[in-house]
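One-letter residues, chain by chain:
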Amino acid sequence: MYKANPDRYKKMKYNKVGDSGVLLPQISLGFWINFGDEKPFEHVKEIVLAAFDNGITHFDLANNYGVPSGSAEKNLGKILAEELKPYRDELFISTKAGYQMWDGPYGDNGSRKYLMASLDQSLERLGLDYVDLFYHHRPDYETPLEETMKALADIVYQGKALYVGISNYPTERAIEAAEILKSYGVKLLIHQPSFSLLNRWIQKDGLDEGMSSRGIGLIPFSVLSQGLLTNKYINDIPKDSRAANEKIPFLNKDNITPELLKKLKRLNKVANKRGQTIAEMAMAWATTQKGITTVLTGVSKLSQLESNLKAMENTEFTQEELDEIEMICNEELLRKEPKRS
Ligand SMILES: NC(=O)c1ccc[n+]([C@@H]2O[C@H](COP(=O)([O-])OP(=O)(O)OC[C@H]3O[C@@H](n4cnc5c(N)ncnc54)[C@H](OP(=O)(O)O)[C@@H]3O)[C@@H](O)[C@H]2O)c1
């Protein structure tokens, strides 16, 4: 039987989520890719338990995570039942709904009908009575925002989620969502946007200021731009990398452009001078940005998790380093700002 590392809380730093009473670890573990049936269960379990043993108390899921969709929640459910049950109150587990999950008109987007049914399905896969955090996964301009937010508020009142969040909402829509939720007596806890050294839309769009000034946390995803912000692609495309895996359509060889490689080579030099890899520097940098509560990490190997945890030991940047990083990354965005209505 698994026994958690007694020193698990010694090294990890915990940050308050906005002006709420909740603390989240500086790094949180994301289950999008690498935690479903696309990987052997024992491999998934090893990484999940190693994360917990290192003080990572927040696991981020969604209804559609893993291949097939739902398998990441199922795997975590199994790990919870078999190993982590005694530690449930030490864990902060989130899930989401908003992308296509089942056939027909009620398995997608932001209707009350979809969100309520999807959360029930997620709870069943996870084997839980409640999640700590439930998100609307992406903005849906076809459904009145009031309907989506009322569903989130009711989910809190039903006790199926303790807190609610939104993801991928542009700033204006996010502020509106927070205000509507507030009118139903529920606080928007956190926003989950994409963000990395190469993807600054939250800073350009003012989401960082818009959320932090309202006491709402930010938990960025794809902080390594799905693995592009590492040194793995500098010389080649490794066979076991996300870009080489044709079953994962979100990153492919075309993303590795000559311009990107030029930036990576220069970033590599800055990182090495700091005694870090590009990935470690990119993780460390993200934690220091305005409004950021915790950064999500997605890993395919235990060694990557260890390296990303190590990154948190050096999150100080000199002005010279910051200037150099800005010059290299410039303004180029890999991922565009979310679409407005
Ligand atoms: N709300 C949303 O819409 C949304 C969207 C996407 C993600 N997310 C959340 O954010 C989490 C993270 O997303 P992501 O997987 O795109 O994050 P990411 O951290 O940008 O990319 C993860 C990939 O980076 C590589 N990697 C990680 N650490 C590394 C290291 N130390 N050295 C070398 N390579 C390293 C691995 O690539 P290889 O596989 O090539 O080894 C890994 O699969 C997800 O699991 C999910 O929870 C949310």
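Each remark here, short or long, concerns the structure printed above.
Below, the structure is looked at part by part.

Calculation notes
Residues numbered from 1 in each chain as written. Predicted model: local features only at pLDDT ≥ 70, side-chain atom pairs only at ≥ 80, totals over all residues. Heavy atoms only, no water. Phe/Tyr/Trp six-rings, centres within 6.5 Å; stacked < 30°, edge-to-face > 60°. Helix = DSSP H or I, 4+ residues; strand = E, 2+ residues; numbered from the N terminus. Buried < 20%, exposed > 50% of the residue type's maximum accessible area, 1.4 Å probe, protein only. Near = heavy atom within 4 Å. Polar contact = N/O pair within 3.5 Å; in protein donor to acceptor, adjacent residues only side chain to side chain. Areas by Shrake-Rupley, 256 points an atom, 1.4 Å probe, with all protein chains shown as cover. Pairing = 2+ DSSP bridges. Axes fitted to C-alpha atoms, helices over the stretch in contact; angles between N-to-C directions. Parallel < 35°, antiparallel > 145°, perpendicular 65-115°, else oblique. Contact = heavy atoms within 4.5 Å. Nonpolar A, V, L, I, M, F, W, Y, C, P; charged D, E, K, R; others polar. Left-handed = near helix turned anticlockwise from the far one by under 90°. Right-handed = clockwise from strand over helix to strand, strands pointing away. Core = buried A, V, L, I, M, F, W, Y, C linked by side-chain atoms within 4.5 Å. Expected span 1.5 Å × (residues − 1).

Some thoughts on the packing of aromatic side chains
Applying the stated criterion across every chain, the model contains 9 aromatic pairs. Between F31 and F59 the ring centres are 5.5 Å apart and the planes differ by 55 degrees, which places this aromatic pair in the tilted class. One end of the pair, F31, is in the loop between β3 (27-30) and α1 (41-53); the other, F59, is in strand β4 (residues 58-60), and 28 residues separate them in sequence. The two residues F31 and F59 agree in class, both being buried.

Observations concerning the site of the ligand
Of all residues adjacent to the ligand, which total 29 residues, the nearest are D60, S167, S222, R242 and S300. Take F31: an N or O atom from its main chain is 3.2 Å from an oxygen atom of the ligand. A distance of 2.9 Å separates an oxygen atom of the ligand from a polar atom in the backbone of W32. For the ligand, whose free accessible area comes to 910 Å², the fraction covered by protein is 95%. Looking at the shell around the ligand, the element that brings in the most residues is helix α10 (residues 302-311), giving 3 residues.

What to know about the sheet that holds β3
Taken in spatial order, the 8 strands make up an open sheet running β9-β8-β7-β6-β5-β4-β3-β10, and their pairing is parallel. Each having just a single partner strand, β9 (217-218) and β10 (295-297) make up the two edges of the open sheet. Bridge count between β4 and strand β5 (residues 92-97): 3 bridges; the pairing is parallel. Within β5, the position partnered with D60 by the bridge is S94.

Some remarks on the packing of helix α8 (residues 258-273) against helix α11 (residues 319-329)
In the contact formed by α8 and α11, the axes pass within 9 Å of each other and the chain directions differ by 170 degrees. One finds that α8 runs roughly antiparallel with respect to α11. Touching K263, R266, L267, V270 and K273 of α8 are E324, I325, M327, I328 and C329, all from α11. In terms of residue class, the contact of α8 with α11 is made up of 6 nonpolar, no polar and 4 charged.

As for the packing of helix α3 (residues 112-126) against helix α4 (residues 145-157)
Two measures define how a pair of helices packs: the angle their axes make with one another and the distance between the axes. The geometry of α3 relative to α4 is characterised by a closest axis approach of 9 Å and an angle of 30 degrees between their N-to-C directions. With respect to α4, the axis of α3 lies roughly parallel. Crossing geometry of α3 relative to α4 is assigned as right-handed. Listed contacts from α4 to R112, L115, M116 and L119 of α3 are E147, T148, K150, A151, L152, D154 and I155. For the contact of α3 with α4, the class distribution of residues is 6 nonpolar, 1 polar and 4 charged.

Description of the environment of S222
With respect to the helices, strands and loops of the structure, S222 is situated in the loop between β9 and α8. Counting along the chain gives 26 residues from S222 to S196, while the straight-line C-alpha distance between them is 6.7 Å. Excluding residues that lie within four positions of it along the chain, S222 makes contacts with W32, F195 and S196.

A closer look at helix α2 (residues 71-84)
Structural remark: α-helix, 3.6 residues per turn; residues separated by three or four positions point the same way. The element α2 is extensively covered by neighbouring structure, given that 10 of its 14 residues are classed as buried. Looking at the buried side of α2, the elements it contacts are α1, β4, β5 and α3.

Considerations on the pairing of strand β8 (residues 188-192)
The element β8 is extensively covered by neighbouring structure, given that 5 of its 5 residues are classed as buried. Where strand β7 (residues 161-167) lies against β8, 4 bridges are found, and the strand directions are parallel. Note that in β8 the partner of S167 across the bridge is Q192. Since β7 and β8 lie parallel, the crossover through helix α5 (residues 171-183) that links them has a hand, and here it is right-handed.

Remarks on the nonpolar core
Membership of the largest hydrophobic core comes to 100 residues, with the highest contact counts inside it found for L29, F31, V48, F59 and L84. If we skip the residues at most four places from it in the chain, F59 touches L29, F31, V48, A51, F52, L76, L84, L91, F92, I93 and S94.

Digging into α4
Counted at 1.5 Å a residue, the expected span for α4 with its 13 residues is 18 Å, and the 18 Å between its end C-alpha atoms agrees. Within the sequence span of α4, burial applies to L145, T148, M149, A151, L152, A153, D154 and I155. Directly beyond the C-terminal end of α4, a positive phi value near 80 degrees is found at G159.

Purely geometric numbers; function is a separate question.
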